[in-house]
Amino acid sequence: MTLTIGRRGLIGGTAGALTAATLPYDLALAQPAAPSTTLRVGMTASAVPLSNGVPDQGGEGHRFMGITLYDQLVMWDLSKSDAPATLRPGLATAWRNDPTDRRRWIMTLREGVKFHDGKVMDSADVVFSYDRAFKADAPHYDPRANAFARIRMPTIAAWRAEGPNTFILETTRPDSFVPYGLTWVGITHQGAWEAAGRSWDTYLGRAVGTGPWRMESFSIRERCVMTRFADYWDAGRIPRTGRLVLLPLPEANTRVAALRSGQVDFIEAPPPDAIPSLRAAGFQVISNQYPHNWTWHFSMVEGSPWRDRRIRQAANFAIDRKGISEMLGGMGAPGAGLVPPGHPWHGSPKDPVRTDVAAARRLMAEAGFGPRNPLRTKVAISPSGSGQMQPLPMNEAVQQNLKEIGIEIAFEVVEWNALLGLWREGAKSPSNRGVSAINISYGAFDPFTFAVRFLKTDLVPPAANNWGYFSDAEYDALMDRIYAEFDAEAQDRLLQQLHEKVVEDRLFLFVSHDLNPRALGRNVRGFVQAQSWFQDLTPISLG
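Residues numbered from 1 in each chain as written. Predicted model: local features only at pLDDT ≥ 70, side-chain atom pairs only at ≥ 80, totals over all residues. Heavy atoms only, no water.

### Looking at the packing of helix 16 (residues 473-483) against helix 17 (residues 488-504)
Part 1 of the argument: Where helix 16 meets helix 17, the closest approach of the two axes is 9 Å, and the angle between their N-to-C directions is 160 degrees. As judged from the angle between their axes, helix 16 and helix 17 are roughly antiparallel. Note that helix 16 runs across helix 17; the crossing there is left-handed. Together, Glu474, Tyr475, Leu478, Met479, Arg481 and Ile482 of helix 16 and Gln491, Leu494, Leu495, Gln497, Leu498, Lys501 and Val502 of helix 17 make up the contact between the two elements.
Part 2 of the argument: Residues belonging to the contact of helix 16 with helix 17 are distributed by class as follows: eight nonpolar, two polar and three charged. (Axes fitted to C-alpha atoms, helices over the stretch in contact; angles between N-to-C directions. Helix = DSSP H or I, 4+ residues; strand = E, 2+ residues; numbered from the N terminus. Parallel < 35°, antiparallel > 145°, perpendicular 65-115°, else oblique. Left-handed = near helix turned anticlockwise from the far one by under 90°. Contact = heavy atoms within 4.5 Å. Nonpolar A, V, L, I, M, F, W, Y, C, P; charged D, E, K, R; others polar.)

Printed below as a string of structure tokens:
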């Protein structure tokens, strides 16, 4: 539809006009006999994330399905709200890079971990899980898992078990990012897949992991119900509620209506205009900074207007970031790059992001455009989705800002998961329908997801997320140095240099940094909002 409108130890080692009657399905069915023991979550996704161990639906899919039902070899410490989340041991108690061959990583597996069906985990299960996601000729290969795993670990080359408690992973090049990539692949076992008739489709409703929640039922368009796993290996993270219900509610006001009516207990991304009344009614609205940016990712393919630095610079000068922040009720900080000022990787750009409409008009005139002779182009956006904040009003504000300097934008509006599909396929794909930019919120979890995956010449689709086919030898050389740097402080300095270049070259349209608001019921207790895209639901109780 077209509309006009401290890492040192981590690298080397260890909203409510709608009523309940207008909801898309009967959420009351999600309420068991003892609602005080059930946490019901209203997601922004339009479908329940895949339960195959490498979920779809972006960061939200991993947040609600990837780290609830499953564990990974390396996991995030989500226990603090006052410091950025860091890596911690998961199903691997230790990991190390082989100093004699920097392409080899050695993981020591945690002993005695039980799957939900009682099987004890060993290295063969880890090999099976990685085959499932990366080995195209394996009988248990899952293309849907691969679609999301390969873009997180594009250098993976080989893996194997070495005894029951050691897993070896090899990469195509020295890759200091591997521990972060390990956080994306959930571990299951071959017997669970065979019990599902050797079908990953059937498996979705019978999924087996080692996580703190276990599968009870799964309906991709309606809900997923999980129950507390009492035998979870980390006693401190055994859930405080008996059940977890995930509900796809992509429309913001519907989520608010569900919260107000008591049909859910926890919602993502309440709309800004609902926040004051929610607080006045006693609901909890919680926010926190986290590594997020809301940008337009420019295409650099032949014919894209964004190949002209003057136009990229003019568009960035045109954006009223303060006004957009006010529109968001203070729940977004003005965009200053891929990470905000104060972040260890932000650096000190010589030409920082700012608003200067007069300069924008001069640059557009130099490029041959203006309000009477506008540049017309198309941008792909979504109406909702993981980290997308309030995408329709935000994009409409950007559209108006750009119109004032002679850039007229038409929007290609597609459902969030479909937008992720266009993104994975790249700007050259016919599926992108001629768009010259794409609006997908990005997370700076680690050096790779922060910037490398968008900019390196050899990471164009299908390898990773260089959607716009950006290619520059100077950038590539700098990123090669970042890949091969295993000292955290030295790597931070290189990442600062990279980010300074990205900002100065205006390789994205920088708009906002989300403050990640959530609204919780009056009786929700114990939630700690981590400075992360991911959150731990296990401490939550309902009083």
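### Quick word on helix 8 (residues 252-260)
Part 1 of the argument: Along helix 8, seven of the nine residues are buried, which leaves the element largely enclosed by surrounding structure.
Part 2 of the argument: All of the buried residues in helix 8 are Ala252, Thr254, Arg255, Val256, Ala257, Ala258 and Leu259.
Part 3 of the argument: Elements that come into contact with the buried residues of helix 8 comprise strand 2 (38-43), strand 12 (266-268), helix 9 (275-280) and strand 21 (518-520).
Part 4 of the argument: Two or three places before Asn253, at the start of helix 8, stands the capping residue Glu251, its side-chain oxygen 3.0 Å from that residue's backbone nitrogen.
Part 5 of the argument: Downstream of helix 8 by a residue or two, Gly262 has a phi angle that is positive, lying close to 80 degrees. (Buried < 20%, exposed > 50% of the residue type's maximum accessible area, 1.4 Å probe, protein only. Polar contact = N/O pair within 3.5 Å; in protein donor to acceptor, adjacent residues only side chain to side chain.)

### Overview of the nonpolar core
Part 1 of the argument: One finds Trp296, Ile407 and Leu455 to be the most contacted residues of the largest nonpolar core, which totals 78 residues.
Part 2 of the argument: When residues in this core are grouped by element, the largest group, six residues, is from helix 15 (residues 447-455).
Part 3 of the argument: Those residues in contact with Trp296 that lie beyond four places of it in its chain are Val379, Asn395, Val398, Leu402, Ile409, Phe411, Ala437, Ile438, Asn439, Phe508 and Leu509. (Core = buried A, V, L, I, M, F, W, Y, C linked by side-chain atoms within 4.5 Å.)

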